[in-house]
Amino acid sequence: MTEKNQNKKYSKDEVIKFGDNTPDRGIFCPKCETNIPEFEDMTPELETRVLKLIRDGKRLMAMVELQSALACSTHWSKIWVLHSGKPSPDYPGPPCPYCSKPLKTSLAKYCLHCQNYWRNK
Ligand SMILES: [Zn+2]
Ligand SMILES: [Zn+2]
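Computed from a predicted model, the values in this text were never measured in an experiment.

Peer 1: Honestly, the overall build of the protein in this entry has me stumped. Any pointers?
Peer 2: Each helix and strand counted, the protein has four helices and two strands in total. Secondary structure elements of the protein occur, N-terminal to C-terminal, as α-β-β-α-α-α. C-alpha atoms of the protein, sized along the principal axes, occupy 50 × 40 × 20 Å. In the protein, once contacts between residues fewer than 6 apart in sequence are set aside, the share between residues at least 24 apart is 42%.

Here you go:
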């Protein structure tokens, strides 16, 4: 198994090279089994602006903002906007004690990946 830096941010060159392809790293969202890309060029100002648009229900504008600032595809901006840059607070939960894949929530006592069930851990 080759070691991959799962959380390395995408440089602009990589973003352009990937285009519309599904991002192969980022913060994994187990809910939709998608990697949410992180960008080297994402500034706190941009993030704040985009998150505000999302909060205001202006998702399309948020996507356009990301696309123009980061040169990313519609696909990527959509993933980012749908997640507000990260999986919903409960996602991912802590790793499963058996297979170490992320659990559905922090309170889960059952693992969807390996079907294990436990009471206290
Ligand atoms: Zn998701
Ligand atoms: Zn498991």
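Peer 1: Mind showing me how you'd approach the nonpolar core here?
Peer 2: Counting 15 residues, the largest nonpolar core has Val15, Ala62, Leu66, Leu70, Cys72, Trp80 and Val81 as the members making the most contacts within it. When residues of this core are traced back to their parent elements, those giving at least two are helix H2 (44–55), helix H3 (59–70) and helix H4 (74–83). The residues contacting Leu66, other than those within four sequence positions of it, are Val50, Cys72, Ser77, Trp80 and Val81.

Peer 1: Explain the packing of H2 against H3 here, please?
Peer 2: A packed helix pair is summarised by two numbers, namely the angle formed by the two axes and the spacing between the axes. Between H2 and H3, whose axes approach to 7 Å, the crossing angle comes to 160 degrees. Accordingly, the angle class assigned to the pair H2 and H3 is roughly antiparallel. Judged by the twist between their axes, the crossing of H2 over H3 is left-handed. Between H2 and H3, the residues in contact are Leu46, Arg49, Val50, Leu53 and Ile54 and Arg59, Met61, Ala62, Glu65, Leu66 and Ala69, respectively. A class-by-class count of the residues in the contact of H2 with H3 yields eight nonpolar, no polar and three charged.

Peer 1: What is the right way to read the packing of H3 against H4 from this model?
Peer 2: Running from amino to carboxyl end, H3 crosses H4 at an angle of 125 degrees, the nearest separation of the two axes being 9 Å. What the angle tells us is that H3 and H4 run oblique. When the axes of H3 and H4 are compared, the crossing they make is right-handed. Along its contact with H3, which presents Arg59, Ala62, Met63, Leu66 and Gln67, the element H4 presents Thr74, Ser77, Lys78, Trp80 and Val81. For the contact of H3 with H4, the class distribution of residues is five nonpolar, three polar and two charged.

Each value, and the rule that gives it
Residues numbered from 1 in each chain as written. Chains lettered and ligands numbered in written order. Predicted model: local features only at pLDDT ≥ 70, side-chain atom pairs only at ≥ 80, totals over all residues. Helix = DSSP H or I, 4+ residues; strand = E, 2+ residues; numbered from the N terminus. Contact = placed C-beta atoms within 7 Å. Core = buried A, V, L, I, M, F, W, Y, C linked by C-beta atoms within 7 Å. Buried ≥ 20, exposed ≤ 12 C-beta atoms within 10 Å, placed from the backbone. Axes fitted to C-alpha atoms, helices over the stretch in contact; angles between N-to-C directions. Parallel < 35°, antiparallel > 145°, perpendicular 65-115°, else oblique. Left-handed = near helix turned anticlockwise from the far one by under 90°. Nonpolar A, V, L, I, M, F, W, Y, C, P; charged D, E, K, R; others polar.

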